[in-house]
Amino acid sequence: MRRSSTFARQVLLVRVGRRDGAAVTGTDLVTPDHRWSDRQRLRYGRYEAEVEAVMPVSPALAPATPVDESPAMSIPLLPGERTAARRAKFALVNACTLSSLMLGMLAIFLAMQSEVRVAALCLIACVAFDGLDGALARKLNVASPFGAQMDSLADMCSFGLAAPVVVYASLAGSVPPAAAAVACALVAACAAIRLARFNVSPKDGRFFCGVPTTMAAAVLALTVAIGLPVSGLVLVAGVALLAFAMVSSFPYAKLARLVKLPPWLWLVPVVGALVDIRLTFALVVVGYLVSGPVLWLRQRHTA
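Small disclaimer: the values here were computed from a predicted structure and weren't measured. (Residues numbered from 1 in each chain as written. Predicted model: local features only at pLDDT ≥ 70, side-chain atom pairs only at ≥ 80, totals over all residues. Heavy atoms only, no water.)

Chemist: Tell me about the packing of helix 10 (residues 263-275) against helix 11 (residues 277-302), and name the residues and values.
Modeler: Closest axis-to-axis distance for the helix 10/helix 11 pair is 6 Å, and the angle between their directions is 145°. Note on element contacts: helix 11 touches helix 10 through Ile 277, Thr 280 and Val 284, opposite Pro 269, Gly 272, Ala 273 and Val 275. Counted by class, the contact of helix 10 with helix 11 contains five nonpolar, two polar and no charged residues. (Axes fitted to C-alpha atoms, helices over the stretch in contact; angles between N-to-C directions. Helix = DSSP H or I, 4+ residues; strand = E, 2+ residues; numbered from the N terminus. Contact = heavy atoms within 4.5 Å. Nonpolar A, V, L, I, M, F, W, Y, C, P; charged D, E, K, R; others polar.)

So, in structure tokens, the structure goes:
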């Protein structure tokens, strides 16, 4: 027992000093037990200054990050002067956005009841309200980041979810359910990607980067409403193509540029609609989708 205790003490002790017997002193060291020093001197015939090991010290903790205990500043939903008139205008604009959202929900409920034509008309009304809220916000000078986020969320509900649900209900019985589900799921996924990309991308006043979700939803709603006389598989392929067009990098002209086209170009689709509205609609949609790759090739050629 005594030998084992001696060995334990040797483990806990650290020899410090020179072999010639000069002791090293320090303010952070403790003088060893004299009885142990005498025993070492008698046993080995020399004296070595020994000190106890310095007790381990826990690592220094990093300074804690100061916590800002100041109250958080509330960001106003409507920047600028907050008068009663501006608040009323702001409420009117957001009421249009919420109307688009509610109509999208109504379209889903109607599609679940197999009322696909009425549901498609609700989607067309969503498109109208979506264009109205932005125009009113700019006209009334109440545009805000809150309104932009509200519009994006409403678009995802109405155009990213309600539109593919209505299309899926219209394709029931004409195509395999799996094919319709995949095509409609692509519309929802591509709409979410496009809206997120639009929120963080710089804006171009002339062209859209890819087909906008509003335009895609309008095409889908009108396709269901007028009932294009094509097979179900062709419709599924067209829905998938439209979904990929939303996330493409092809430039598509905005409505402001289309309005500036020569008047005779507008007479062609108007006269065509009077003759055969379905064929005219299909040709206009195909022409708009093809215009993106054509403009992209033209820009690469001129660059």
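And the narrative resumes.
Chemist: If you had to explain the side chain of Thr 280 to someone new, which residues and values would you point to?
Modeler: Here Thr 280 lies in helix 11. Every residue in contact with Thr 280, bar those within four places of it in the chain, is listed here: Pro 269, Gly 272 and Ala 273.

Chemist: Give me helix 3 (residues 84-112): which residues, what numbers.
Modeler: Across its 29 residues, helix 3 extends 42 Å between first and last C-alpha, which sits within 8% of the 42 Å expected from 1.5 Å per residue. Positioned one or two residues after helix 3, Ser 114 has a phi angle of 65°, which is positive. (Expected span 1.5 Å × (residues − 1).)

Chemist: Now, about unusual backbone geometry: what can you tell me, with residues and values included?
Modeler: Positioned with a positive phi, Ser 114 is a non-glycine residue whose angle comes to about 65°. With respect to the element layout, Ser 114 can be found in the loop between helix 3 and helix 4 (116-139). Phi angles above zero are rare outside glycine, and Asn 141 is one such case at about 60°. Here Asn 141 is to be found in the loop between helix 4 and helix 5 (145-170). By relative accessible area, which is 58% here, Asn 141 ends up exposed. (Buried < 20%, exposed > 50% of the residue type's maximum accessible area, 1.4 Å probe, protein only.)

Chemist: Explain helix 5 residue by residue, including any values.
Modeler: Taking 1.5 Å of rise per residue, 26 residues should cover 38 Å, and helix 5 covers 36 Å from first to last C-alpha, within 8% of that figure. Of all the bends found along helix 5, the most pronounced is centred on Ala 162 and spans about 30°, while Pro 164, a proline, follows it within four residues. (Bend = angle between axes of the 7 residues up to and from the residue.)

Chemist: An account of the packing of helix 6 (residues 177-200) against helix 8 (residues 232-246) is needed here, citing residue identities and associated values.
Modeler: Orientation of helix 6 relative to helix 8, taken along the N-to-C sense of each, is 15°, at an axis distance of 8 Å. Judged on the interaxial angle alone, helix 8 and helix 6 are roughly parallel. Taken as a pair, helix 6 and helix 8 cross one another with a handedness that is left-handed. Across the interface between the two elements, Ala 179, Ala 183, Leu 186, Val 187, Cys 190, Ala 191, Arg 194 and Arg 197 from helix 6 touch Val 236, Val 239, Ala 240, Ala 243, Phe 244 and Met 246 from helix 8. Among the residues making up the contact of helix 6 with helix 8, the classes are represented as twelve nonpolar, no polar and two charged. (Parallel < 35°, antiparallel > 145°, perpendicular 65-115°, else oblique. Left-handed = near helix turned anticlockwise from the far one by under 90°.)

Chemist: Can you explain the environment of Glu 81? Please cite residues and give values.
Modeler: Looking at where Glu 81 falls in the secondary structure, it is placed in the loop between strand 2 (50-52) and helix 3. Considering only alpha carbons, one finds Glu 81 and Val 142, 61 residues apart in sequence, at a separation of 10.0 Å.

Chemist: Tell me about the confidence of the model for the protein chain, residues and numbers included.
Modeler: Residues at a pLDDT of 70 or more form 74% of the protein chain, whose mean pLDDT is 79. Confidence drops under a pLDDT of 50 for residues 11-32, and excluding neighbours within four residues, the segment shows 29 contacts in the predicted structure. Throughout residues 46-62 the model reports pLDDT below 50, and contacts reaching past four residues in sequence, or to other chains, amount to 28 contacts. (pLDDT = per-residue confidence, 0-100.)

Chemist: Residue-level account of the side chain of Asn 94, with values.
Modeler: Relative to the helices and strands, Asn 94 resides in helix 3. For Asn 94, a relative accessible area of 10% corresponds to the buried category. When near neighbours in sequence (up to four residues on either side) are disregarded, Asn 94 contacts Phe 146, Gly 147 and Met 150.

Chemist: Got a sec to walk through the packing of aromatic side chains? Specific residues and values, please.
Modeler: Considering all chains together, one arrives at three aromatic pairs under this definition. Both rings, one in Phe 90 and one in Phe 146, keep their centres 6.0 Å apart while their planes meet at 40°; by these two values the pair is tilted. With Phe 90 in helix 3 and Phe 146 in helix 5, the pair connects residues that are 56 residues apart, well separated along the chain. An angle of 65° between the planes, with centres 5.7 Å apart, marks the rings of Phe 250 and Trp 296 as edge-to-face. In this pair, Phe 250 is assigned in the loop between helix 8 and strand 4 (251-253) and Trp 296 in helix 11, connecting sequence segments 46 residues apart. In this structure, Lys 254 is placed above the aromatic ring of Phe 208, and the distance from its NZ or CZ to the ring centre is 5.1 Å. (Phe/Tyr/Trp six-rings, centres within 6.5 Å; stacked < 30°, edge-to-face > 60°. Lys NZ or Arg CZ within 6 Å of the ring centre and 35° of its normal.)

Chemist: Describe in detail the environment of Ser 152, supporting the description with residues and values.
Modeler: With respect to the helices, strands and loops of the structure, Ser 152 is situated in helix 5. As a C-alpha pair, Ser 152 and Leu 195 span 43 residues in sequence and 6.6 Å in three-dimensional space. Those residues in contact with Ser 152 that lie beyond four places of it in its chain are Leu 195 and Asn 199.

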